[in-house]
Amino acid sequence: MEVAIIERETAGYAIARENKKRAGAMTYSIAGEELIIIDHTEVEPEYKGKSVGKAMLYKIVEMARGKNIKIIPLCPFAAAMFKSQDDIKDVLK
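Residues numbered from 1 in each chain as written. Predicted model: local features only at pLDDT ≥ 70, side-chain atom pairs only at ≥ 80, totals over all residues. Heavy atoms only, no water.

Thoughts on unusual backbone geometry
In this structure, Asn19 takes a positive phi of about 55° despite not being glycine. Within the secondary structure layout, Asn19 lies in the loop between β2 (11-18) and β3 (21-32). In the Ramachandran plot, Asn68 falls in the positive-phi region, its phi being about 55° despite a non-glycine side chain. Its relative accessible area of 65% is what places Asn68 among the exposed residues. (Helix = DSSP H or I, 4+ residues; strand = E, 2+ residues; numbered from the N terminus. Buried < 20%, exposed > 50% of the residue type's maximum accessible area, 1.4 Å probe, protein only.)

Structure below.
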């Protein structure tokens, strides 16, 4: 599973692919130099239950740590992950 981060001016997303086929996407808004807001997670039906959402979230967390920015998880999936995974709470706003 490959996960890449793509950013535009005010938004970005993590996209997961397996064998060049899209497995899912997690979108976020860039709310400032030190803040992003994760607003949506989408996983293709055939990839449900395969930790695709978690892989995308962890890629965004890795990027946030590298840029020293915080995350607000508005997306219900991301919010639930932040509640259950102690190892990523350091980037929570």
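Observations concerning the pattern of salt bridges
In this structure the tally under the stated criterion is seven salt bridges. The closest approach of N and O atoms between Arg22 and Glu44, which form a salt bridge, is 3.5 Å. Taken together, the residues Arg22 in strand β3 and Glu44 in the loop between β4 (35-43) and α1 (52-67) connect sequence positions 22 residues apart. Take Glu44: its relative accessible area is 22%, and that puts it in the partly exposed class. In the salt-bridge network here, residues are joined through shared partners; they are Arg22, Glu42 and Glu44. (Salt bridge = Lys/Arg side-chain N within 4 Å of Asp/Glu carboxyl O.)

Regarding the layout of surface pockets
The calculated volume of the largest pocket comes to roughly 160 Å³. Around the largest pocket sit 13 residues that line it, and Thr41, Val43, Val52, Gly53 and Phe77 are the ones nearest its centre. The set of elements that each furnish at least two residues to the lining of the largest pocket consists of β4, α1 and α2 (76-84). Taken together, the residues of the lining of the largest pocket sort by class into five nonpolar, four polar and four charged. (1 Å grid on protein atoms, 1.4 Å probe; cavity = no way out; pocket = protein on both sides within 12 Å on 5 of 7 lines; lining within 4 Å. Points joined across faces, edges and corners; volume = space filled by probe spheres on them. Nonpolar A, V, L, I, M, F, W, Y, C, P; charged D, E, K, R; others polar.)

A short note on the side chain of Gln85
Along the chain, the position of Gln85 falls in the segment after α2. Here the side chain of Gln85 touches Tyr58 through a polar contact of 3.4 Å, side chain to side chain. Other than its neighbours up to four places away in sequence, Gln85 contacts Lys54 and Tyr58. (Polar contact = N/O pair within 3.5 Å; in protein donor to acceptor, adjacent residues only side chain to side chain. Contact = heavy atoms within 4.5 Å.)

As for the pairing of strand β5 (residues 70-73)
Residues Ile71 and Pro73 line the buried face of β5, whereas the alternating positions Lys70 and Ile72 sit on a face that is not buried. In this sheet, β5 lies alongside β4 in parallel orientation, the contact comprising four bridges. The partner of Leu35 across the bridge, within β5, is Lys70. Each parallel crossover has a hand, and the one from β4 via α1 to β5 is right-handed. (Pairing = 2+ DSSP bridges. Right-handed = clockwise from strand over helix to strand, strands pointing away.)

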